[in-house]
Amino acid sequence: MDCYIGATTGTFKGALLKDNTFENLNKVSTLDPKSDEITSMIWNDDQQTEILIARMNRDLQLYDIEQNEQVSILTVTGGTGPIKGLHKLDEKIVTCVESGELQVWNDKSETVSEWKCGPGVAVMRGSDEKPEIVTGGMKNLLKTWNLETGQQVWSAKNVPPDMLGLEIPIMITDARFIPGENTILEATKLHEKIVFMENPIMCTSLTNKTNQILAANSIGEMGLFDLRSKVHPMCKFKGQAGSIRSISGHPTMPLAASVGIDRFLRVHDLQTRKMVHKIYCKARLNRVLLRNELSILNDRKSAAKKEIDEDEGEYGKMTKDGYRAEDSEGDDDDVIEEDDVWDVMEPVNKKKKMSHDVEIVEEVENQKASSKRKRKVVPEEEIKEEVESDDDVEEIQKPSAKKALKQTGKKALKKKAKKV
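In this text, all values refer to a predicted model and were calculated from it rather than measured experimentally.

The rules behind each value
- Residues numbered from 1 in each chain as written.
- Predicted model: local features only at pLDDT ≥ 70, side-chain atom pairs only at ≥ 80, totals over all residues.
- Heavy atoms only, no water.
- Pairing = 2+ DSSP bridges.
- Helix = DSSP H or I, 4+ residues; strand = E, 2+ residues; numbered from the N terminus.
- Axes fitted to C-alpha atoms, helices over the stretch in contact; angles between N-to-C directions.
- Core = buried A, V, L, I, M, F, W, Y, C linked by side-chain atoms within 4.5 Å.
- Buried < 20%, exposed > 50% of the residue type's maximum accessible area, 1.4 Å probe, protein only.
- Contact = heavy atoms within 4.5 Å.
- Salt bridge = Lys/Arg side-chain N within 4 Å of Asp/Glu carboxyl O.
- 1 Å grid on protein atoms, 1.4 Å probe; cavity = no way out; pocket = protein on both sides within 12 Å on 5 of 7 lines; lining within 4 Å.
- Points joined across faces, edges and corners; volume = space filled by probe spheres on them.
- Nonpolar A, V, L, I, M, F, W, Y, C, P; charged D, E, K, R; others polar.
- Polar contact = N/O pair within 3.5 Å; in protein donor to acceptor, adjacent residues only side chain to side chain.

## Here we look at the sheet that holds strand S15 (residues 152-155)
What the 4 strands build is an open sheet, ordered S12-S13-S14-S15; its pairing is antiparallel. Both outer strands of the open sheet, strand S12 (121-126) and S15, are each paired with one neighbouring strand and no more. Going from strand to strand, the sheet's axes swing by 20° on average, the running direction of each strand aside. Across 5 bridges, the pairing between S12 and strand S13 (residues 132-137) is antiparallel. Note that in S13 the partner of Met 124 across the bridge is Thr 135.

Now the structure itself:
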């Protein structure tokens, strides 16, 4: 199986993505949804061969994948409410109930340590790098605890009051440590820091990239966020109907599985932004775990290898003189030796001018010569002779007479100016 899913009815399911099928791993007829609903699930080991399952009646069960067996190991006592979080540290199991009672159990199902982390707990998650856990919930600020000493390490502060001076309600829905960085991811119903629409954020998940996370809200929309920008989501995945309750991202591949109350398991490719698998599981789903080794990964590798082989086959076989098609093996008639290339090539002859081209050129030159002749300047003497011989001499000389009158008028004005 590639995915393991917990339902509100108490059904524990396994899904095979290669065939788009699922299978019930426990008997449905013996389940009571009020007491057997699955509230939390985690891997019990790094090899992902065992799963810890917490139910509504506080019964903690261990499922062995190889043996396909589900065994009850302990029942959480103390406090009220269902189990809201599980964590595995070496051979110890950490549990936390809704009323805030946190307990550490050894391999003999005995309580090693216990303390309270505040009422209204909605989430408890542990760190894979250090012996610490983070808790938070309704009217319960985010806090980190040292599992060895049971002391509080750090506590968050609420955001400033709104414009009316009213305190912002504390409504934490999910939280987790980001590996490799001194950062904790917190999801709330009011999403005070990074806005993702106007609906409560229900769950989050890490991805194969450290600075990218997934978050989903109560109306079935999931977004991919980059923690460096802290403004808007990089993209939004659609298709879900109703609240998304759990997301599980693959640690090395750009894949993420999500489940919710619409009864579908969906697997998205974070690079192409497309949904690659969709399986109807017949019940409202609460939790999902995606394995590191998936059946579809082998298919993807073989498909990629096949594409490479086909591309190489199109070019044929590589030789010292370049690529050579496979069909040309043993056929030496089509192969031209390098020394004989110049003998095979046909000489290029210069194209002769056609007779009609010559006629067009001569006609153009004649037109240019005639235009030059038209623009030839005639001397003034010839113009005067032509004018004198004409009967209209008086009309031509009128402008010159006017010019003489103007000159005499100017001289008279100058003399009057001198007398003054």
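## Focus: the sheet that holds strand S3 (residues 21-24)
Here we have 4 strands laid out as an open sheet, ordered S3-S2-S1-S26, and antiparallel in their pairing. Either end of the sheet is taken by a strand with one partner, and the two such strands are S3 and strand S26 (285-290). Recorded for the sheet is a direction-independent mean angle of 25° between the axes of neighbouring strands. Relative to strand S2 (residues 12-16), strand S1 (residues 3-7) runs antiparallel, the two sharing 4 bridges. Within S2, the residue paired with Gly 6 across the bridge is Phe 12.

## A look at the nonpolar core
One finds Cys 3, Ile 5, Leu 17, Ala 257 and Leu 265 to be the most contacted residues of the largest nonpolar core, which totals 19 residues. Counting residues per element, the ones that place at least two in this core are S1, strand S23 (255-260), strand S24 (264-269), S26 and helix H2 (295-315). Excluding residues that lie within four positions of it along the chain, Ala 257 makes contacts with Cys 3, Ser 246, Ile 247, Ser 248, Leu 265, Arg 266, Val 267, Val 288 and Leu 290.

## Here's the deal with the pattern of salt bridges
Summed over the entire model, instances satisfying the criterion amount to 7 salt bridges. With a closest N to O distance of 3.7 Å, Lys 236 and Glu 221 form a salt bridge. Taken together, the residues span a long stretch of sequence, with Lys 236 in strand S21 (residues 235-237) and Glu 221 in the loop between strand S19 (212-217) and strand S20 (222-226) at a distance of 15 residues. Owing to a relative accessible area of 14%, Glu 221 belongs among the buried residues under this scheme. With a closest N to O distance of 2.6 Å, Asp 262 and Arg 266 form a salt bridge. Here Asp 262 falls in the buried class, since its relative accessible area comes to 14%. Among the residues examined, Arg 266 registers a relative accessible area of 3% and is labelled buried.

## Topic: empty space enclosed by the protein
One way to see where empty space is left: roll a probe the size of a water molecule over the atoms. Evaluation of the coordinates by the stated rule reveals 1 cavity of 30 Å³ or more. Of the volumes computed, that of the largest cavity is approximately 30 Å³. For the largest cavity, the full set of lining residues is Gln 240, Ala 241, Gly 242, Ser 243, Ile 244, Ser 258, Val 259, Gly 260, Asp 262, Phe 264 and Arg 266. Ranked by residue count, the leading element in the lining of the largest cavity is S23, at 3 residues. The class makeup of the residues in the lining of the largest cavity is 4 nonpolar, 5 polar and 2 charged.

## A look at the pairing of S1
The buried count for S1 comes to 5 of 5 residues, which makes it a mostly enclosed element. Of the two faces of S1, the one carrying Cys 3, Ile 5 and Ala 7 and the one carrying Tyr 4 and Gly 6 are both buried. Of the strand pairs in this sheet, S1 and S26 are connected by 5 bridges, and their pairing is antiparallel. Following the sheet pairing, Cys 3 is matched in S26 by Leu 290.

## Considering the side chain of Asn 286
By the secondary structure assignment, Asn 286 is in strand S26. Taking the relative accessible area as the measure of exposure, Asn 286 reaches 5% and is therefore buried. A distance of 3.0 Å separates a polar side-chain atom of Asn 286 from the backbone oxygen of Ile 38. Once residues lying within four places of it in the same chain are set aside, the contact partners of Asn 286 are Gly 6, Ala 7, Thr 8, Glu 37, Ile 38, Arg 245, Ser 246 and Val 259.

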